[in-house]
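Structural features, examined
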Amino acid sequence: MIQGIRRTDGSTQTPGGHPLPLTGKPLTETPVVVVKEGVPLKEYPEVCIPAQEELGEDEMRLICIGSGNPPVRRAQAATGWLVQLGNGDNFVFDVGGGTVQNLWSLEIHPAYLDKLFLTHLHLDHVGDFHVLYDSLGWARNTPLHVWGPSGYTQELGTAAFCENMAKAAYWHTQSKRGIVPSDGMEIVAHEFDVSPFSPDNPRLLVYDENDVKIYAFPVAHILFGAVGYRLEWKGLSMTFHGDGEPNTFEAEQAQGVDVFMHEAFLDAQTFSTKMNIPLPIAQNVAGAHSTPDRLGRLFNIARPKLGVAYHYFQGDDTIDPFFDNLKKTYAGPVLLAQDLTCINVTPEQIVMRQAQTDLLHWTPPGPEEEGPPHMDPKSPGPTPQFVVDAILPPEV
């Protein structure tokens, strides 16, 4: 196995005693949260290798496929999460730039990754849409299903987004006709209307299959239509809130969950200094997000078993300030997600680790196809004949 990025200078801890990023350790002070005292607890290896760890019948696994921001960094893809359940279901929540290479490295056949839930349409949450979609033909021979909110206008909704993504890929899909199966070329949008949201109607059931329920609820993030999601299955639950300014309404939708996943952001001055942008612009950007102290206030309302932060610029000198500022308002268990942070959730405990994946992975076996795949005829508009005549033939 060719492993992912790891620190090599020997440093493993911050001055405050927290693990440094890229040391193979989860960024938390409580790597195990015991939910039920006095019962046998499942033992896990120190490192998570998802392809080698079968989930229990009542177990949920959350893997961060992107912990970062629009400036995609080599060790931090933009935002995205994979949720896996013991019944075999897989759900992808957001696909920011760089997330899909992390997703593929988990060695899950793309045919099992056909359910995508979008919180909003910022590029750092949808930038790898085409990369996920492009498993068509070589792996996923069924439609890609996409759930997401309506917008302030029709053009700003999920259905229009999916239509535009299909148009942008039209040259690509036309060139594949007659070469690979066509069924995977379809994008099915499941847009839900967010206009009925109100204090009396705080969330909407948008998915209900295989004993899994997923609800959408509104969040405060610049434009109308940004949402978070709450997933419930066999007594386990998680919420994923996309981006946004913290508000009591969304915290109430996360009350009592096992894992509450919410963005966190640098303070404006640090963001301005680190990214070399004018302070007023940094203040505008940071104002649309959640600093750690404000995030702690959310966790205090929701009281999850575990609070998780993502979307935070990580560096050797930003980890201690995250925990120090969060502790001003919250004292419960918290994890700062890195790329490939793995969270196993059972009725008895919540365990946090880092996943180890292969940088040169291959596609694992997929589901058995029912009958021959559907092949469309080749698209008109062939390569000019004089160019075809110049093709070098294969050697015999």
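So, here is what we can say about the structure in this document. (Residues numbered from 1 in each chain as written. Predicted model: local features only at pLDDT ≥ 70, side-chain atom pairs only at ≥ 80, totals over all residues. Heavy atoms only, no water.)

1. Some remarks on the nonpolar core
Core analysis: the largest hydrophobic core is formed by 37 residues, its most contacted members being Trp81, Phe91, Ile214, Leu231 and Ile343. In contact with Ile343, not counting residues within four places along its chain, are Met60, Arg61, Leu62, Trp81, Leu306, Val308, Leu335, Ile350, Val351 and Met352. (Core = buried A, V, L, I, M, F, W, Y, C linked by side-chain atoms within 4.5 Å. Buried < 20%, exposed > 50% of the residue type's maximum accessible area, 1.4 Å probe, protein only. Contact = heavy atoms within 4.5 Å.)

2. Comments concerning helix 4 (residues 158-168)
Since the α-helix turns once every 3.6 residues, residues separated by three or four places project in the same direction. For helix 4, the set of buried residues is Thr158, Ala160, Phe161, Cys162 and Met165. Those residues of helix 4 hidden inside the fold are in contact with helix 2 (123-126), helix 3 (129-133), strand 7 (144-149) and strand 8 (187-192). (Helix = DSSP H or I, 4+ residues; strand = E, 2+ residues; numbered from the N terminus.)

3. With respect to the packing of helix 9 (residues 292-302) against helix 10 (residues 319-326)
Where helix 9 contacts helix 10, the two axes come as close as 7 Å, and the packing angle between them is 45°. One way to sum up the angle between helix 9 and helix 10 is to call them oblique. Crossing geometry of helix 9 relative to helix 10 is assigned as right-handed. Of the residues in helix 10, those touching helix 9 at Pro292, Asp293, Leu295, Gly296 and Phe299 are Phe322, Asn325 and Leu326. (Axes fitted to C-alpha atoms, helices over the stretch in contact; angles between N-to-C directions. Parallel < 35°, antiparallel > 145°, perpendicular 65-115°, else oblique. Left-handed = near helix turned anticlockwise from the far one by under 90°.)

4. Quick word on the sheet that holds strand 14 (residues 306-310)
The strand order 1-15-14-13-12-11-10-9 describes an open sheet built from 8 strands, whose pairing is mixed. Each edge of the open sheet is held by one strand with a lone partner, namely strand 1 (27-28) and strand 9 (204-209). Here helix 9 sits on the sheet in contact with strand 13 (259-263), strand 14 and strand 15 (334-336), set at roughly 155° to strand 13. Its contacts with the sheet put helix 10 on strand 1, strand 14 and strand 15, and the angle it makes with strand 15 is roughly 155°. (Pairing = 2+ DSSP bridges.)

5. With respect to unusual backbone geometry
At Asp94, a position not held by glycine, the phi torsion is positive, near 70°. Even without being glycine, Lys234 reaches a positive phi, approximately 50°. Counting through the fold element by element, Lys234 comes out in the loop between strand 11 (227-233) and strand 12 (236-240). Relative accessible area serves as the criterion here: at 48%, Lys234 is assigned to the partly exposed category.

6. Observations concerning helix 9
Within the sequence span of helix 9, burial applies to Pro292, Leu295, Gly296, Leu298, Phe299 and Ala302. Viewed end-on, helix 9 has its buried residues packed into an arc of 155°, placing them on one side of the element. In this fold, the buried residues of helix 9 make contact with helix 6 (248-253), strand 13, strand 14, helix 10 and strand 15. Positive phi appears at Arg303, one or two residues downstream of helix 9, with a value of about 55°. (Arc of directions from axis to C-beta.)

7. Considering a nonpolar patch on the surface
Taken together, the side chains of Tyr152, Leu156, Ile222, Leu223 and Phe224 make up a nonpolar region of the molecular surface, amounting to roughly 600 Å² of accessible area. Along the chain, Leu223 turns up in the loop between strand 10 (212-218) and strand 11. Judged by its relative accessible area of 56%, Leu223 falls in the exposed class. (Patch = residues over 30% accessible without salt bridge, like charges linked within 9 Å, V, L, I, M, F, W, Y side chains within 5 Å. Areas by Shrake-Rupley, 256 points an atom, 1.4 Å probe, with all protein chains shown as cover. Salt bridge = Lys/Arg side-chain N within 4 Å of Asp/Glu carboxyl O.)

Read these as layout, nothing more, since geometry by itself doesn't imply function.
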